[in-house]
Amino acid sequence: MRCVVPFLLFASAVCLGQQTPSVPGEQPYLRFILLNIASLDHDREAIKAFEGQLVKQFGLSAQESALLHAAGESLRPLLELNRRAGLAVAAGKRGLSPSDVATLRDIATQRELRISNLANQILNDVRPATAARLATASRIVASPSVPKK
């Protein structure tokens, strides 16, 4: 029994130190944030202003702000690649074949997987209080709105 107690204490400490991957309901707002930072269409100054608002809204530290910025920027090349691939698939066509649709679905799946991985990385790398605020905002965004009576 004496050997079991220290082991359990050690195991619980290790588990508490590791955050688990987010659930899908915790990612919609992070997806929105990442896509805005990585946007190919938004002006750089608008993106910078958006990031400044995130610092105020979520009380981000300089490190957390830099983490969000870097995650968004790392998504940008994939968005550029996806845009070029999508345009190439649809170029000169009036309609899309089943293989074209499958290709576009694969492109979208790759994008969503990358976003999900980045969202998990963000939630694991920010302070627990910040992760909780971001996850709460995402759950609010993901919850169905209830019409007021």
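Because the structure is predicted, anything quoted here is derived from the model rather than measured. (Residues numbered from 1 in each chain as written. Predicted model: local features only at pLDDT ≥ 70, side-chain atom pairs only at ≥ 80, totals over all residues. Heavy atoms only, no water.)

Student: Can you walk me through the overall build of the chain in this structure?
Tutor: Along its length, the chain carries 6 helices and 0 strands. Moving toward the C terminus, one meets the helices and strands of the chain in the order α-α-α-α-α-α. For the chain, buried positions account for 30% of its 149 residues. Of all intrachain contacts in the chain linking residues separated by at least 6 positions in sequence, the fraction that spans at least 24 positions is 76%. Roughly 9900 Å² of accessible area belongs to the chain as shown, and the carbon and sulfur atoms make up 63% of that amount. (Helix = DSSP H or I, 4+ residues; strand = E, 2+ residues; numbered from the N terminus. Buried < 20%, exposed > 50% of the residue type's maximum accessible area, 1.4 Å probe, protein only. Contact = heavy atoms within 4.5 Å. Areas by Shrake-Rupley, 256 points an atom, 1.4 Å probe, with all protein chains shown as cover.)

Student: Help me understand the packing of aromatic side chains, please; the structure alone is not making it clear to me.
Tutor: Where two aromatic rings form a pair, the distance of their centres and the angle of their planes describe that pair. For the structure on display, the rule yields 3 aromatic pairs. Their ring planes at 55 degrees and their centres at 5.7 Å tell us that Y29 and F58 sit as a pair that is tilted. With Y29 in helix α2 (residues 28-38) and F58 in helix α3 (residues 44-58), the pair connects residues that are 29 residues apart, well separated along the chain. Both rings, one in F32 and one in F50, keep their centres 5.8 Å apart while their planes meet at 85 degrees; by these two values the pair is edge-to-face. One end of the pair, F32, is in helix α2; the other, F50, is in helix α3, with 18 residues separating them in the sequence. Each residue in the set Y29, F32, F50 and F58 is aromatic and connected to the rest through ring pairs, giving one cluster. (Phe/Tyr/Trp six-rings, centres within 6.5 Å; stacked < 30°, edge-to-face > 60°.)

Student: Would you take a moment to explain the nonpolar core for this structure?
Tutor: Proteins that are soluble and globular tend to have nonpolar side chains buried together. Counting residues in each nonpolar core, the largest one holds 26 residues, and the members touching the most others are L30, I33, L54, L68, L75 and I122. In this structure, L54 is in contact with Y29, I33, G59, L60 and L68, ignoring residues within four places of it in sequence. (Core = buried A, V, L, I, M, F, W, Y, C linked by side-chain atoms within 4.5 Å.)

Student: Which parts of the structure should I look at to understand the side chain of E64?
Tutor: Among the secondary structure elements, E64 is positioned in helix α4 (residues 62-90). On the basis of relative accessible area, E64 is assigned to the buried category, the value being 4%.

Student: Which parts of the structure should I look at to understand the confidence of the model for the chain?
Tutor: On average, residues of the chain score 84 in pLDDT, and 81% of them are at 70 or above. Within the chain, the element-level pLDDT minimum falls on helix α1 (residues 4-17), averaging 38, and the maximum on α3, averaging 97. (pLDDT = per-residue confidence, 0-100.)

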